[in-house]
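Residues per chain, in single letters:
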Amino acid sequence: MLEIRNLHARIVDDGTEIIRGLDLTVKAGEVAAIMGPNGSGKSTLSYILAGREDYEVTEGDILYNGQSILEMDPAERATSGIFLAFQYPMEIPGVATMEFLKVAMNEQRKARGEEPLKIPEFLKRVKDAAALLDMDMAMLKRPLNVGFSGGEKKRAEILQMKLLEPKLCVLDETDSGLDIDALKIVSEGVNALRAPDRAIVIITHYQRLLQYIVPDSVHVLYRGQVVKSGDKSLALDLEANGYAGVIGQAA
Amino acid sequence: MPAVQDTIDRVRKIDVDQYKYGFQTEIAMDKAPKGLSEDIIRFISAKKEEPSWMLEWRLEAYRRWVTLDEPKWARVHYPKIDFQDLHYYAAPKSTPGPTSLSDVDPELLRVYEKLGIPLREQEILAGVQKTDASELEEASDNVYKSGRVAVDAVFDSVSVVTTFKKELAQAGVIFCSISEAIREHPELVKKYLGSVVPTSDNFYATLNSAVFTDGSFVFVPKGVRCPMELSTYFRMNEKNTGQFERTLIIAEEGAYVSYLEGCTAPQRDENQLHAAVVELIALDDAEIKYSTVQNWYPGDAEGKGGIYNFVTKRGDCRGHRSKISWTQVETGSAITWKYPSCILRGDDSSGEFYSIAVSNGYQQVDSGTKMIHLGKNTSSRIISKGIAAGYSQNTYRGQVSAHRKATNARNFTNCDSLLIGDQCGAHTVPYMEAKNATAQFEHEATTSKISEDQKFYVMQRGIPEEEAIALIVNGFVKDVIQQLPMEFAVEAQKLIGISLEGSVG
């Protein structure tokens, strides 16, 4: 589903190269975890996948279902099924969460040539998804992310992910700022989205989240490259021994 | 946060073609010769068939005006206006004054049709000739359901038609052009005209008092709730012609009226002057809600052409427990100089000012309000949202003052500015003065930028760039949009989108 080939990318503003020859393949149905120390390029990778303009790809390619996505803008990538759950979701004052959900869902339907959702159907979907994430409907009447706690913001991200039904989900540090109860609920929400036709990429600093969302593969990112790949035991190994061993091998 | 490069590029490419109302109409006009003198004022007064007291009033204002200098304190820059190089009167030859719809030149009706003005009574009337009475009733019912708006249509210097007059008259409401009011209701005009904005008020108000041509007159008698929305639609068409609108609205004890004005003008290279005076008077327990959707031609991409909109609007809460509310959506004009204000004279009276001012290209906006607290327990509320894009400058200028006797005066002010791109400017200039120790004034101000982060976040959910910006901007102005009469809220939202189109792609 996702194939990243020898990707090199830099910051447009100052030319700093962040991704330096990254290779990664994630199959449909797979849950891949990307781990690595601070500054290894994890969040940058998620932004590049979603099409953020601050980064420029200088070499290599990103294939999604066999097609290069480099020329697509963020909205086009989103409607093609790529979703990024942000580490720091943005506040959108004056725009009720419900309204935002409706606009986003209908824009995606429009891109697929489908009719806008009827209001009762829309409400039903939102209610069902919110119940699963233990979210209060009253919260969804508030402007998106404005005054939400860290945990509420993360839940709202997973709610959007669920409603937009993407094919490639990228979760950037979704566990940061979550207490243990919220972590369980969010993880259950993500696990419910596991499907044979969907790939999930989890970017995380700690092994903690992977206790709840068990990955099929684990990749260690260091200085803009995948330096080691393995199965879920690699995450446990990292937890026990730190990154030093893996990084040492790479260097 | 660095400005979005893409946004800047697109702002550079801003195209005036997006101004939808820039067409001009070829129509035979009856004009005063260029220039301003006592003779010209006599000419205007004669054209309007005014009584002699009105002419005297104008001449007195003119004699004062020649002694005045243009105000320079606003944050706007423009070449000196040659007041002798303007026509002060221009009226379509075919329709020299307000008349019934059937007598209006069809060419004029087409103008309003093209502008999408709800002259809906026109359609009803057109239908009447072919149908019988029962169907007519049905038709009126439909109009009721679809929300009715009475319209006074002002074309350059004259009102060409006022709709629903008869029906309003049944409720006791007078809605007509100011020219007609001067002839038909001189006692009311004499009593109230200039009582809120005196002829000596300021340079442009004094000029207006001398040469005003048309505008609306509304009188809602004691205890009457005006049965429909009233509105005036101002169209400036003729070249090198100033438009001097004069509007007077009076709500007697316990009366209520909601009024909306809209404005457009053709696309021209020359600047045109619109200098209006609007006076509102609310007696005991009366309420006036005044909304403006201002969409004068803003000038082209290089800042050439556009309307100079120099306007004095003031409401007098003359009675106890009276209320005046100004709501404005300002998207047009090359230069806007406008401060709709409230004099809170009656005890327990309240004033409100809700404003959205959008500037793009080389537009300059200097707008805000004055809340003058004179009575006891008076309150005022100011919500201002400025949105600047392109190379525009957007200034909020406001004054809140409490008189010595204004015990327990309360004001809440919130001014937010939103910048799109990094070539524009937003400025906030609040003045506050409390001469009574019990006054409570609160002021909040923020300036923010549509960040790359917000735009990226919204787009990541599948919302295309232009819709993403519109969504963020509409969220920003929501508090004010909610104050507009329902049917105009949607229009205003669209208008804001169109005004920013050049800046977001």
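How each quantity is defined
Along each chain, the written sequence defines residue order, and numbers are assigned to residues from 1. Ligands are numbered from 1 and chains lettered from A, in the order in which they are written. Confidence filtering applies because this is a predicted model: local features only for residues at pLDDT of at least 70, side-chain atom pairs given and counted only at 80 or more, and all residues used for totals across whole chains, interfaces and linings. Numbered from the N terminus, helices here are DSSP runs of H or I no shorter than four residues, and strands are runs of E no shorter than two. Three classes are used. A residue is buried when 20 or more other C-beta atoms lie within 10 Å of its own, exposed when 12 or fewer do, and partly exposed in between, with C-beta atoms placed from the backbone. In this description, any two residues whose backbone-derived C-beta atoms lie within 7 Å of each other are considered to be in contact. Only the C-alpha atoms count toward the radius of gyration. The rule for a globule is 2.2 Å times the residue count to the power 0.38. The axes are straight lines fitted to the C-alpha atoms, using for helices just the contacting stretch, and the angles between their N-to-C directions are given from 0 to 180°. A clockwise turn of the near helix away from the far one marks a right-handed crossing, whereas an anticlockwise turn of less than a right angle marks a left-handed crossing. Polar here means any residue other than Ala, Val, Leu, Ile, Met, Phe, Trp, Tyr, Cys and Pro, which are nonpolar, and Asp, Glu, Lys and Arg, which are charged; Gly is therefore polar. Each residue carries a pLDDT score, the predictor's confidence in it, ranging from 0 to 100. Only buried residues count toward a nonpolar core: Ala, Val, Leu, Ile, Met, Phe, Trp, Tyr and Cys, linked into one set through C-beta atoms within 7 Å. By the definition adopted for this analysis, an angle is roughly parallel if under 35 degrees, roughly antiparallel if over 145, roughly perpendicular if from 65 to 115, and oblique otherwise. Residue count minus one, scaled by 1.5 Å, sets the expected span of a helix. When DSSP locates at least two bridges between a pair of strands, those strands are taken to pair.

Explain the overall build of chain B to me, using residue names and the numbers behind them.
Helices and strands together make up the secondary structure of chain B, namely 15 helices and 22 strands. The proportion of buried residues among the 505 residues of chain B is 56%. Summarising the internal contacts of chain B: among those between residues at least 6 apart in sequence, 84% fall at separations of at least 24.

If you had to explain the overall build of chain A to someone new, which residues and values would you point to?
Helix and strand counts for chain A come out as eight helices and 10 strands. Taking 251 residues into account, the globule formula puts the C-alpha radius of gyration at 18 Å, and chain A, at 18 Å, falls close to it. Each of the three principal axes of chain A carries a C-alpha extent, and together these read 55 × 40 × 35 Å. Within the span of chain A, comprising 251 residues, buried residues form 41% of the whole. The long-range share in chain A, meaning contacts at least 24 apart out of those at least 6 apart in sequence, stands at 71%.

An account of the packing of helix H11 (residues 452-459) of chain B against helix H12 (residues 465-476) of chain B is needed here, citing residue identities and associated values.
Residues and elements named next belong to chain B. Packing of H11 against H12 brings their axes to within 9 Å, and their N-to-C directions diverge by 120°. H11 and H12 meet at a crossing whose hand is right-handed. Here Gln454, Lys455, Val458 and Met459 of H11 come into contact with H12, specifically with Glu465, Ala468, Ile469, Leu471 and Ile472. By residue class, the composition of the contact of H11 with H12 is six nonpolar, one polar and two charged.

So what's going on with the interface of chain B and chain A? Which residues, and what values?
Of the residues lining the interface, 18 residues belong to chain B; the matching set on chain A comes to 24 residues. Listed by contribution, the elements that provide at least two residues to the side of chain B that touches chain A are H11 and H12 of chain B. When residues of the side of chain B that touches chain A are assigned to their parent elements, the largest contribution, seven residues, is made by H11 of chain B. Split by residue class, the side of chain B that touches chain A holds nine nonpolar, four polar and five charged.

Please provide a residue-by-residue account of the confidence of the model for chain B, values included.
Residues and elements named next belong to chain B. Mean pLDDT over chain B stands at 83; residues scoring 70 or higher make up 87%. Across chain B, the secondary-structure element scoring lowest on mean pLDDT is helix H6 (residues 133-145), at 34, and the one scoring highest is strand S15 (residues 341-344), at 97. Across residues 1-17, where pLDDT falls below 50, the model places 35 contacts with residues more than four positions away in sequence or in other chains. Low pLDDT, under 50, characterises residues 122-146; the stretch is placed with 11 contacts to residues that sit more than four places away or in other chains. Scoring the predicted complex yields pTM 0.78 and, for the interface, ipTM 0.95.

Go over the nonpolar core with me, naming the residues and quoting the values.
One finds Val170, Val201 and Ile202 of chain A together with Val218, Ala251, Val257 and Val473 of chain B to be the most contacted residues of the largest nonpolar core, which totals 208 residues. Apart from residues lying up to four places away in sequence, isoleucine 202 of chain A is in contact with Val31, Ala33, Ile34, Leu171, Leu209, Ile213 and Pro215 of chain A.

Please set out the packing of helix H5 (residues 150-164) of chain A against helix H6 (residues 180-192) of chain A residue by residue, giving values where relevant.
What describes two packed helices is the angle between their axes and the distance between those same axes. All names here are of chain A. At their nearest, the axes of H5 and H6 sit 10 Å apart, and the two run at 10° to each other. One element, H5, and the other, H6, form an angle in the roughly parallel class. Here Gly151, Lys154, Arg155, Ile158 and Lys162 of H5 lie close against H6, whose contacting residues are Ala182, Val186, Gly189 and Val190. When the residues that make up the contact of H5 with H6 are grouped by side-chain class, the tally is four nonpolar, two polar and three charged.

Summarise H5 of chain A; cite the residues concerned and give the values.
Count 3.6 residues to each turn of an α-helix, and residues three or four apart come out pointing the same way. Residue and element names in this part refer to chain A. For H5, with 15 residues, the first-to-last C-alpha span of 21 Å sits near the 21 Å given by 1.5 Å per residue. Here H5 has its buried residues at Lys154, Arg155, Ala156, Glu157, Ile158, Leu159, Gln160, Met161, Lys162 and Leu163. Contacts from the buried residues of H5 go to strand S6 (82-85), helix H3 (97-111), helix H4 (119-132), strand S7 (168-172) and H6. One or two positions beyond H5, positive phi appears at glutamate 165, with a value near 45°.

Give a description of unusual backbone geometry that names residues and reports values.
When glycine is set aside, most residues are seen to have a negative phi, and most peptide bonds are trans. Residues and elements named next belong to chain A. Its identity as a non-glycine residue notwithstanding, asparagine 6 has a phi of 40°, on the positive side. As for its position among the elements, asparagine 6 is in strand S1 (residues 2-11). Judged by local crowding, asparagine 6 falls into the partly exposed class, with 13 C-beta atoms found within 10 Å.

If you had to explain the environment of threonine 413 of chain B to someone new, which residues and values would you point to?
Residue and element names in this part refer to chain B. Tracing the backbone shows threonine 413 in strand S20 (residues 410-419). Taking the number of C-beta atoms within 10 Å as the measure of exposure, threonine 413 has 24 and is therefore buried. Spatially, the C-alpha atoms of threonine 413 and arginine 381 are 5.9 Å apart, while their sequence positions differ by 32 residues.

For the sheet that holds S20 of chain B, give the residues involved together with the corresponding values.
Residue and element names in this part refer to chain B. Spatially, S4-S3-S7-S9-S11-S13-S16-S18-S20-S22 is the arrangement adopted by the 10 strands of the open sheet, whose pairing is mixed. Looking along the sheet, the strands with just one partner apiece sit at the ends: strand S4 (158-162) and strand S22 (440-449). On average, each strand axis in the sheet is inclined to that of its neighbour by 10°, with strand direction left out of account. Two elements, strand S7 (residues 229-235) and strand S9 (residues 256-264), share six bridges in a ladder whose sense is parallel. Bridged to leucine 230 within S9 is tyrosine 259.

Give a detailed account of the environment of tyrosine 192 of chain B, specifying residues and quantitative values.
Residue and element names in this part refer to chain B. Position of tyrosine 192 relative to the elements: it lies in helix H9 (residues 186-192). Each C-alpha atom of the pair tyrosine 192 and glutamine 460 lies 57 Å from the other, and the pair is 268 residues apart in sequence. In contact with tyrosine 192, not counting residues within four places along its chain, are Leu248, Ile250 and Ile281.

With reference to specific residues and values, describe the confidence of the model for chain A.
When pLDDT is averaged across chain A, the result is 93; 99% of the residues are at 70 or more. Confidence scores differ between elements of chain A, with helix H8 (residues 244-250) of chain A showing the lowest mean pLDDT of 72 and S6 of chain A the highest of 97.

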